[in-house]
Amino acid sequence: MGDVLAGIHSTWEFGSDSLRIRFERGLRTPKLLQALGERHIPYEALRDVELTAGGKRGTVVLRAVPREGADPLLEAAAGQLKEGSDPYRLVLPAERETLAEYYATELRAALGPEASEPAGAYLVAAPAAPLSFKAYDGKAAFDGTTVRFRWFWTGASSAKWKAGDQVFSVGELAGVEWRSPEVFDGHLRLLPRDGECRAGRDGDSTRESGIAADQDPAAVVFGLGYGLVYESLPFAASVLAAVQAAEPVPALEAVSGGPGIARRAEGPTRRDPADIAERIRHLGELHAAGLLTDEEFTAKKAELLAEL
């Protein structure tokens, strides 16, 4: 088509085989859209195109509807995105409705014969790694092949401190569970290939083992100002896409001694002595409170000292 349609917060550029969506930068543009910058949507990734009245008077909305399983961002979001943060919506002044109808018709004509079927693989690129964000209880980092959780002594539970910082290869994972920080119990959880995620009786999300997110070393929890949507959702989508593309690897024993997601040992690196000292001090507090046994405290302290 080779045309451009500018709307509120975003602009659509129609190519011969794909739609390029560019998001504006500005105070009124949702931060998720600003973080995404732009997206390339192959026409084969779309199921339909809708034109509806806008939420605000005097506007119409042109929305490209992706196929199920085509976009890792929407797969990770699992229906939790607010309408204003939907990257597939183009809001236009009502006087441009006729033009919007024209492009809706043109887009529908460009859809392939498999448009109504779920996509067998992701067709839209995920946000590129490296990515990182701060959760309430730790920092999550992803380099494209490995996810790392480093716990904060001010927020991490004693169970996570006992387990230690975590390292996960994408080949060991089956998926990612993202629960929006804008609702209760927001978190990001990595799902092992040999496990499943289910909802607890009280509505909180737990793994099949019954571990709540704040006690699960394979999860980081969100909170006020932590794990924000525009930081944690692109992270989840990037990991999800890498998981789909990765070759499975055999599950190993978890650092706690039981079966679970494999934790690959970190390479030999020197840690900040002040950081080690702070961690040992926190271990002492846990030990004094009776949350660590003498043996656990001694073993963990020796591990930390070995990193110096």
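Look a little higher up for the structure.
Caption draft 1: Just the sheet that holds strand β9 (residues 138–142), in detail. Taken in spatial order, the four strands line up as β8-β9-β10-β11 in an open sheet, and their pairing is antiparallel. Either end of the sheet is taken by a strand with one partner, and the two such strands are β8 (131–134) and β11 (166–169). Shown here is a sheet whose adjacent strand axes are inclined to one another by a mean of 10°, direction ignored. Bridge count between β8 and β9: four bridges; the pairing is antiparallel. Residue pairing across strands places Ser 132 opposite Ala 141, the latter belonging to β9. Its contacts with the sheet put helix α5 (residues 229–245) on β8, β9 and β10 (146–151), and the angle it makes with β8 is roughly 140°.

Caption draft 2: Molecular detail of the nonpolar core. Formed by 67 residues in total, the largest nonpolar core has its most connected members in Trp 12, Phe 149, Leu 188, Leu 190 and Val 239. With nine residues, the single largest contributor to this core is α5.

Caption draft 3: Broad picture of the sheet that holds strand β4 (residues 38–42). In spatial order, the strands read β1-β2-β3-β4; together these four strands make up an open sheet with antiparallel pairing. With partners counted over all chains shown, the strands left at the sheet margins are β1 (4–6) and β4, one partner each. Along the sheet, successive strands turn relative to each other by an average axial angle of 15°, direction set aside. Bridge count between strand β2 (residues 10–14) and strand β3 (residues 18–23): five bridges; the pairing is antiparallel. Bridge pairing in β3 places Trp 12 opposite Ile 21.

Caption draft 4: Representation of the packing of aromatic side chains. Scanning the model with the defined rule gives nine aromatic pairs in all. Where Phe 133 meets Phe 222, the ring centres are 5.9 Å apart and the plane angle is 70°; that geometry is what we call edge-to-face. On the criterion of sequence distance, the pair formed by Phe 133 in strand β8 and Phe 222 in the loop between β16 (219–221) and α5 is long-range, its members being 89 residues apart. The burial state of Phe 133 is the same as that of Phe 222; both residues are buried. An angle of 65° between the planes, with centres 5.5 Å apart, marks the rings of Phe 149 and Phe 168 as edge-to-face. Highlighted residues: Phe 149 in strand β10 and Phe 168 in strand β11, separated in sequence by 19 residues. For the pair formed by Phe 149 and Phe 168, the shared burial category is buried. Aromatic rings pair up to connect Trp 12, Phe 14, Tyr 102 and Tyr 103 into one cluster.

Caption draft 5: Looking closely at α5. The terminal C-alpha atoms of α5, which comprises 17 residues, lie 24 Å apart, in line with the 24 Å expected from a rise of 1.5 Å per residue. Counting buried positions along α5 gives 13 out of 17 residues, so the element sits mostly inside the fold.

Caption draft 6: Quick peek at the pattern of salt bridges. Following the criterion strictly, the structure yields 12 salt bridges and no others. In this structure, the salt-bridge partner of Glu 13 is Arg 22, at a minimum N-O distance of 2.6 Å. Relative accessible area serves as the criterion here: at 31%, Arg 22 is assigned to the partly exposed category. Of the charged contacts in the structure, one is a salt bridge between Glu 38 and Arg 20, with a shortest N-O distance of 2.8 Å. Of the two residues, Glu 38 is situated in strand β4 and Arg 20 in strand β3; the sequence distance between them amounts to 18 residues. Among the residues examined, Arg 20 registers a relative accessible area of 28% and is labelled partly exposed. Each member of the salt-bridge network shares a partner with another, and the members are Glu 13, Arg 20, Arg 22 and Glu 38.

Caption draft 7: Looking closely at a negative patch on the surface. A cluster of like negative charges, contributed by Asp 17, Glu 44, Glu 114 and Glu 117, occupies part of the molecular surface. Relative to the assigned elements, Asp 17 resides in the loop between β2 and β3. Residue Asp 17 is classed as exposed on the basis of its relative accessible area of 52%.

Caption draft 8: Quick look at unusual backbone geometry. Of the consecutive residues Ala 129 and Pro 130, the connecting peptide bond is found in the cis state with omega at 5°. With a phi angle near 80°, His 9 is a residue other than glycine that sits in the positive phi range. Here His 9 is to be found in the loop between β1 and β2. The class for His 9 is partly exposed, based on a relative accessible area of 21%. Backbone geometry places Ala 78, a non-glycine residue, at a positive phi of 50°. Along the polypeptide, Ala 78 turns up in the loop between α2 (72–77) and β7 (89–93). Since its relative accessible area comes to 55%, Ala 78 is described here as exposed.

Caption draft 9: Main features of the pairing of strand β13 (residues 187–192). A large share of β13 lies buried, amounting to six of its six residues. Burial along β13 is two-sided: His 187, Arg 189 and Leu 191 and Leu 188, Leu 190 and Pro 192, pointing in opposite directions, are all buried. Two strands pair when backbone bridges link them, and strand β12 (residues 173–179) and β13 are joined in this way by six bridges, in the antiparallel orientation. Of the residues in β13, the one forming a bridge with Trp 178 is Leu 188.

Parameters and conventions
- Residues numbered from 1 in each chain as written.
- Predicted model: local features only at pLDDT ≥ 70, side-chain atom pairs only at ≥ 80, totals over all residues.
- Heavy atoms only, no water.
- Pairing = 2+ DSSP bridges.
- Helix = DSSP H or I, 4+ residues; strand = E, 2+ residues; numbered from the N terminus.
- Axes fitted to C-alpha atoms, helices over the stretch in contact; angles between N-to-C directions.
- Contact = heavy atoms within 4.5 Å.
- Core = buried A, V, L, I, M, F, W, Y, C linked by side-chain atoms within 4.5 Å.
- Buried < 20%, exposed > 50% of the residue type's maximum accessible area, 1.4 Å probe, protein only.
- Phe/Tyr/Trp six-rings, centres within 6.5 Å; stacked < 30°, edge-to-face > 60°.
- Expected span 1.5 Å × (residues − 1).
- Salt bridge = Lys/Arg side-chain N within 4 Å of Asp/Glu carboxyl O.
- Patch = residues over 30% accessible without salt bridge, like charges linked within 9 Å, V, L, I, M, F, W, Y side chains within 5 Å.
- Areas by Shrake-Rupley, 256 points an atom, 1.4 Å probe, with all protein chains shown as cover.
- Lys, Arg positive; Asp, Glu negative; His and termini not counted.
- Charge placed at Lys NZ, Arg CZ, Asp CG, Glu CD.

In short, shape yes, function no, at least from these values alone.
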